[in-house]
Amino acid sequence: MPMNDHFGPTGRELRLKDKLRTMNWTLVALITVVCCIGFALLYSVAGKSFDPWAERQLIRFGAGVVIMVIMALIDIRTWFALAYPVYGVSFLLLVAVEFVGRTGKGAERWIDIGPLQLQPSELMKIALILALSRFLHGILLDDVSRPSRLIPALMLILMPAGLVLLQPNLGTTLILIVGGAGLIFLSGLSWKIILPVVALGVAAVPVGWEFVLKDYQKQRVQTFLEPDFRSARPRL
């Protein structure tokens, strides 16, 4: 089949029903199953009631599925064309947060744009995936581990991650780093690079715990690893 680029055949565009048929419905089903488990847990925690959490989560999930399907129907070439501009705008918004950001719960994470309140770090989660995917798409498998290719990819991750860390927002910072690193790994990064980096990361955990994390961040980690940690703490 002749191809006019990396994305699809020449000739007529796919019709809507063709696009719907070729969607990864298995992935949609798996996401739905996971969310249904969440609904059940929220329903149970609320004393077998949809109010206040399960109902809201169900509405958000329904809206999210519709948005996901619509985005999946858009030609991937459109997303690739938007990848770098969206990343650039998201990065500028992160910079703007440092100067005009609204402080909430001790962190500058929000920026007011007219009547809208925007959290640039959330937008960057999507923008980073788009930009990094486009960048890695144009690299040959054997070239992924070359410094000339790897360093720009890392900069795409570390620049926004550093700005988010300054807010401070450790959780989103880790999501950006882990998500970006996962894409680079899947693109064919050499194990000669992966293993030393993983070893260095493991060795840095005690240092980060002692000198980087704040007390409330340590408490969140401990509560995640041991849900009874908070209730087990002695009350003063």
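This text gives an overview of the structure that appears in the document. Within each chain, residue numbers correspond to sequence positions counted from 1 in written order. Confidence filtering applies because this is a predicted model: local features only for residues at pLDDT of at least 70, side-chain atom pairs given and counted only at 80 or more, and all residues used for totals across whole chains, interfaces and linings. Side-chain numbers come from the whole structure's heavy atoms, not from hydrogens or water.

### A short note on the overall build of the chain
- Summing up its helical and strand segments, the chain has ten helices and three strands in all.
- Numbering of helices and strands runs from the N terminus; a helix is a DSSP stretch of H or I covering at least four residues, while a strand is a stretch of E covering at least two. Reading the chain from its N end, one meets helices and strands in the order α-α-α-α-β-β-β-α-α-α-α-α-α.
- By residue count, 25% of the 236 residues in the chain fall in the buried class.
- Pairs at least 24 residues apart make up 60% of the contacts formed inside the chain by residues separated by at least 6 positions.
- Working definition of accessibility: Shrake-Rupley area with a 1.4 Å probe, residue cover restricted to the visible protein chains. Surface summary for the chain: the accessible area is close to 16400 Å², and the carbon and sulfur share equals 69%. The buried label applies to any residue whose accessible area, calculated with a 1.4 Å probe on protein chains only, is under 20% of its type's maximum; exposed applies above 50%, and partly exposed to all values in between. Should any heavy atoms of two residues lie within 4.5 Å, those residues are considered in contact.

### A word on the pattern of salt bridges
- Just to be clear on terms, a salt bridge is a Lys or Arg side-chain nitrogen sitting within 4 Å of an Asp or Glu carboxyl oxygen. Tallied over the entire structure, the rule returns four salt bridges.
- The partner of arginine 77 in a salt bridge is aspartate 75, with the nearest N and O atoms 2.6 Å apart.
- A relative accessible area of 24% places aspartate 75 in the partly exposed class.
- Lysine 125 is paired through a salt bridge with glutamate 122; the nearest N and O atoms lie 3.0 Å apart.

### Side note on the packing of helix α2 (residues 25-45) against helix α3 (residues 54-73)
- Note on method: axes are straight lines fitted to C-alpha atoms, helices fitted across the in-contact stretch only, with angles between N-to-C directions ranging 0 to 180 degrees. At a minimum axis separation of 9 Å, α2 and α3 run at an interaxial angle of 170 degrees. Viewed along their axes, α2 and α3 adopt a mutual orientation that is roughly antiparallel. For the crossing formed where α2 meets α3, the hand is right-handed. Across the interface between the two elements, Val28, Ile31, Thr32, Cys35, Phe39, Leu42 and Tyr43 of α2 pack against Ala54, Gln57, Leu58, Phe61 and Met68 of α3. An angle below 35 degrees is read as roughly parallel, one above 145 as roughly antiparallel, one from 65 to 115 as roughly perpendicular, and any other as oblique. A crossing counts as left-handed when the near helix is turned anticlockwise from the far one by less than a right angle, and as right-handed when that turn is clockwise.

### Digging into the nonpolar core
- Ranked by size, the top nonpolar core spans 21 residues in total, and within it Tyr87, Met124, Leu128, Leu132 and Ile184 carry the most contacts.
- When residues of this core are traced back to their parent elements, those giving at least two are α4 (76-100), α5 (120-137), α6 (147-165) and α7 (170-186).
- By residue number, the principal contributor to this core is α5, which donates seven residues.
- With residues up to four places along the chain from it excluded, the contact list for leucine 128 reads Tyr87, Ser133, Leu156, Ile157 and Leu176. Among the buried residues, those of types Ala, Val, Leu, Ile, Met, Phe, Trp, Tyr and Cys that are joined through side-chain atoms within 4.5 Å form a nonpolar core.

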